[in-house]
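# Chain and residue survey
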Amino acid sequence: MAQDGNIGLAIIGSGSSVPLLGLDNQALSQVVDTSDEWIASRTGIRSRRLASPVESLRSIATEAAKNALEMAGVPAAEVDLILLATSTPDDLFGTACQIQASLGATQAVAFDLTAACSGFVFGMVTAAQFIRTGAYKTVVLIGADILSRWVDWGDRRTCVLFGDGAGAVVLQATPARDGFLGFELRSDGTLNHSLNLAYQPQPQALTGGVAVSQGTFHPITMNGQEIYRFAVKKVPEVIEKALFRANLTVDQIDWLLLHQANQRILDAVADRLGIPADKVISNMAAYGNTSAASIPLALDEVVRSGNVRVGDTIVASGFGAGLSWGAAIFQWGR
Ligand code: UT7
């Protein structure tokens, strides 16, 4: 039952979509000076899906949302809010409205939310606030990214890590049981330099003393070791904080669902928290790091495989550029 007069919410459907095209480590080693051995042993990644020039963020995100709505048994016309967590929109003005149109979600308000690889967790907390206040009843939350657009395919330190994909969930207000148990979100802009995809200004003189900046975005740059250390230290802390807020202990967690950045990070975080390996959800071998999509993509796979059951308690944690990081604890299903 929802506590303290709060409106409860449930996560009642999941969906995902990945581009058709796959590129395994062997094939990638024809592009840059790397090897399957290096990538697999340092990251756990063996392959990734890459969006072709005819695919778009809109197309994969819409597909993921459709699948989630179908599982939830909710018609698109009943959706009140569409949140798109992404750092790679088709349109800098936002892509969520295009998805609203593609879904035929005529009553829904739609907007983008940017928090890099933490975007899905930040989006889940945002969705929960709209539901808790009674403003909206049904929310579609999508995490989707096409980082292949912004990777430097000549930089082996970064290009081997990322893949493209989309995942989505449907959240709904419910008087019966509150499935959103706790969260903690954090940001630290002083470390922004260690992972970014920054705008590169290009001055253009217009007239007289008036000049504007007509640049583009840099390819992704990352200090891998710094981000690794940050993740292994901060993720367990934020999960412990969220557990405390939810009044739960680690042994009450059924599944640990981390942003799929590196298998070594997953193992180290699980180890620090004392969570056994069979409770750790991992699918990065097939998809690499899909940024905001990685958590809902992995969730959808385990839900559809039947491993996650209704009522299971899941702790999800995202971390990455910003820097940003956070954890959300929820129970699956209605
Ligand atoms: O989604 C946002 C969150 N991102 C992350 O969580 C990423 C966190 N960081 C990591 O996962 C790891 O730091 C990486 C996987 C990025 C790198 O692993 P590492 O064990 O920290 O390797 P390193 O950067 O220390 O590089 C070790 C060596 C270097 O060679 P030298 O200088 O020791 O001779 C690199 O040049 O490996 C070399 N190297 C490669 N070799 C073959 C770096 N990338 C590659 C590569 N193939 N792709």
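Quick note: structure is the one above.
Residues numbered from 1 in each chain as written. Predicted model: local features only at pLDDT ≥ 70, side-chain atom pairs only at ≥ 80, totals over all residues. Heavy atoms only, no water.

### Digging into the overall build of the protein
Put simply, the rule reads: In this text, helices come from DSSP runs of H or I with a minimum length of four residues, and strands from runs of E with a minimum of two, each type numbered from the N-terminal end. In this description the radius of gyration comes from C-alpha coordinates, and the expected globular size is given by 2.2 Å times residues to the power 0.38. By the convention used here, residues are in contact when the closest approach between their heavy atoms is within 4.5 Å. Counting rule applied: Lys, Arg positive; Asp, Glu negative; His and chain ends not counted. In plain terms, the charge of a residue is placed at NZ if it is Lys, CZ if Arg, CG if Asp and CD if Glu.
Scanning the protein from N- to C-terminus turns up 10 helices and 17 strands. For the protein, whose C-alpha radius of gyration is 20 Å, the value lies close to the compact-globule estimate of 20 Å for 334 residues. Structurally, the protein occupies a C-alpha span of about 60 × 50 × 40 Å along its principal axes. Taking contacts inside the protein between residues at least 6 apart in sequence as the whole, the part at least 24 apart equals 76%. Of the charged side chains in the protein, 24 are positive and 31 negative, and the gap between their average positions amounts to 3 Å.

### Describing the pattern of salt bridges
This is how the line gets drawn: Whenever a carboxyl oxygen of Asp or Glu lies within 4 Å of a side-chain nitrogen of Lys or Arg, that contact is scored as a salt bridge. Buried, partly exposed and exposed residues are distinguished by accessible area as a fraction of the type maximum, computed with a 1.4 Å probe on protein chains only: under 20%, between the cut-offs, and over 50%, respectively.
This model, assessed by the stated rule, comprises 9 salt bridges. Here Arg 186 ties to Glu 184 by a salt bridge, and the two come within 3.7 Å at their closest N and O atoms. We classify Arg 186 as partly exposed; its relative accessible area is 41%. Residue Arg 245 pairs with Glu 184 through a salt bridge whose shortest N-O separation is 2.7 Å. Linking Arg 245 in helix H7 (residues 224-245) with Glu 184 in strand S8 (residues 180-187), this pair joins segments that are 61 residues apart in sequence. Each of Glu 184, Arg 186 and Arg 245 takes part in a single network of salt bridges with overlapping partners.

### Remarks on a nonpolar patch on the surface
Our working rule: Residues with no salt bridge and a relative accessible area higher than 30% make up the patches, which join like charges within 9 Å and nonpolar side chains (Val, Leu, Ile, Met, Phe, Trp, Tyr) within 5 Å. Using a 1.4 Å probe, the Shrake-Rupley method yields the accessible areas, and only the shown protein chains count as cover for residues.
On the surface, Leu 206, Val 210 and Val 212 cluster together to form a nonpolar patch covering roughly 240 Å² of accessible area. Relative to the helices and strands, Leu 206 resides in strand S11 (residues 203-207). A relative accessible area of 52% places Leu 206 in the exposed class.

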